[in-house]
Amino acid sequence: MSAAVSALQKARAAYTPKLPKALRNGAAAKAITGEPTAAAGDVEKIKALFTENFGSPMVTFEAAAAAAAVSEFNAGVILSGGQAPGGHNVIAGLYDGLKSLNKNNKLYGFLKGPDGLVKNEYIELTDEIIDAYRNTGGFDMIGSGRTKLEKVEQFEAGKKHCEALNIKALVIVGGDDSNTNACLLAEYYKKTNAGIRVVGCPKTIDGDLKNEYIEASFGFDTACRVYSELIGNIGRDANSAKKYWHFIKLMGRSASHIALECALQTQPNATIISEEVAEKKTTLAEIVDYLASIVADRAANGMNFGVALIPEGLVEFIPEVKALIAELNDLLAKEEAAFGAITEADEKIAFLLNKLSADKAAVYASLPRTIQLQLCLDRDPHGNVQVSLIETEKMLAEMVKTKLASWKAEGKYNGKFSTQTHFFGYEGRCAAPSNFDADYCYSLGYTAAALLGANVTGYMSSVRNTMLSADEWIAGGIPITMMMNMERRHGEDKPVIKKALVELDGAPFKFFASKREEWAKTTSYVYPGPIQYFGPSEVCDLCTKTLTLEQSK
Ligand code: FBP
């Protein structure tokens, strides 16, 4: 860490995160095991694939009367995937938990994500390093990466490197894919008697790694608060100047949890929820019509301004665009050399229009030129379109403008439409964790240490009851196999953790749906302001609206 730190960071370093009661005497808590578990779907297939770990019981911790002696062991930690606020506190909680088990335990941080394990790049984490990063945002303590840990050669390389450091346990901090891989690694190490336990921690600002036992992925709270602060500020600017429509794209690769949470926090005039688009098979033209109608209705009432939220993953949920992307993926893979040789943008577009099937070509032709080009940018290592690079907010603003112009020509609309576009994603991923995330992450890390102390493998650290005060939080572990089902990936059926998309019959969406018409017609913006770290509990210790609505159902 650089020597210069902000006044807030200095003050924040002294914050002591709250822990569940069961862990306050240390991580050597009493592990209570439940009934054997099954899987989220395709039970027989998951059982056949995970013969070692399938059926493990849930674990819940209770405070031990006296700290039990746990023999010394070393552990390694890996941060995987996109940054999320609170990652450093997971590591700090893990470190403190491991030291409480046995003060001679060592924690190694593998550098730049899963690659660090495979390539043997690591640092030993010390009191000094941990203290410098307590309650800070970012993943810069050890870095992160998106390499997938899935091949036997990688598992074997990891084993060799762990053996050299006497590492008996690995903690993988990641999203659904990384925790799926943690589960595969745990299975492999158990099957091959490697003597290395593996535990996961639920991370992603996207909020799509959650279920009955994992109430939230860490980072979602802080990231949504940062975006909501910015959206609130923009709403106030829009309502002051009364001359712009702001189209704001919000991160979230696939699920729309972030857009929904920000809508609940700020009450904008329009919010598109991708899952609803997919469910209702809404076309791109219908989305444009919907937004243009809100603009026109507000204009008719003298309000030529507004705020619209667009989820990042939207394009992949609009049925005809999804089908177009699928065909483009195949086409670009097949024609890689020929397409790569074209340098002129217009020629690229013409090449694709010529090769696409007629219906897909029609959809492609209907898109603004910039989007046509963005759709043929390089795919990510998993073959996915990099949705964060597609300027959906600009596309919709442009298409709404065209629609309004045609309505104007028909005499149906007589307003002014000037737009500003924004994309909020990176602004929130490394923010200093809110009190919720600081406490939750520290507890997740400490719970991971308790799980390692309890000698289990293939579990995800779980902290529940988070709506209540930390006194009532329940720390435990959930077998990762319990969250799995089979899904089609790259033409093959694979065991994966079920991704949690926005549920249209869930309380957060239902609440939003009951309010959106009113928010469209009126100017009912809420201005949440910046995250508060010091001050009254009712502003510092908030839970997300999503969690509040989900838990109060
Ligand atoms: P994770 O699920 O790995 O935490 O990443 C989430 C995310 O922030 C998405 O919201 C976004 O689409 C993606 O990462 C962008 O990643 P990158 O910066 O690597 O392109």
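Placed above this text is the structure.
None of these values were measured; they are calculated from a predicted model. (Residues numbered from 1 in each chain as written. Predicted model: local features only at pLDDT ≥ 70, side-chain atom pairs only at ≥ 80, totals over all residues. Heavy atoms only, no water.)

## A short note on the packing of helix α14 (residues 345-355) against helix α15 (residues 358-366)
It is at 8 Å that the axes of α14 and α15 come closest, and there the two elements cross at 150°. Overall, the two elements α14 and α15 adopt an arrangement that is roughly antiparallel. From α14, I349, L352 and L353 reach across to α15, where they touch A361, Y364 and A365. Looking at the contact of α14 with α15, its residues break down into six nonpolar, no polar and no charged. (Axes fitted to C-alpha atoms, helices over the stretch in contact; angles between N-to-C directions. Helix = DSSP H or I, 4+ residues; strand = E, 2+ residues; numbered from the N terminus. Parallel < 35°, antiparallel > 145°, perpendicular 65-115°, else oblique. Contact = heavy atoms within 4.5 Å. Nonpolar A, V, L, I, M, F, W, Y, C, P; charged D, E, K, R; others polar.)

## What to know about the pairing of strand β10 (residues 306-311)
Both faces of the sheet carry side chains from a regular strand, because those side chains alternate between them. In terms of burial, β10 is a largely internal element, six of the six residues being buried. By the alternation rule, side chains of β10 split into G306, A308 and I310 and V307, L309 and P311, which are all buried. Pairing between strand β8 (residues 245-250) and β10: six bridges, direction parallel. Residue pairing across strands places I248 opposite L309, the latter belonging to β10. The pairing of strand β9 (residues 270-271) with β10 spans two bridges and is parallel. Bridged to A270 within β10 is A308. (Buried < 20%, exposed > 50% of the residue type's maximum accessible area, 1.4 Å probe, protein only. Pairing = 2+ DSSP bridges.)

## Looking at unusual backbone geometry
A positive phi angle, near 60°, is found at N135, a position not held by glycine. A positive phi angle is found at N465, which is not glycine, with a value near 70°. Its location among the elements puts N465 in the loop between β12 (459-464) and β13 (474-479).

## Quick notes on the state of the cysteines
By the definition in use, this model includes zero disulfides. Unpaired in terms of disulfides, C183 finds its nearest cysteine sulfur in C201, a separation of 15 Å. Given a relative accessible area of 1%, C183 falls into the buried group. The thiol of C201 is not disulfide-bonded; the next cysteine sulfur, from C441, is found 8.6 Å away. (Disulfide = S-S within 2.5 Å.)

Purely geometric stuff here, so don't read any function into it on its own.
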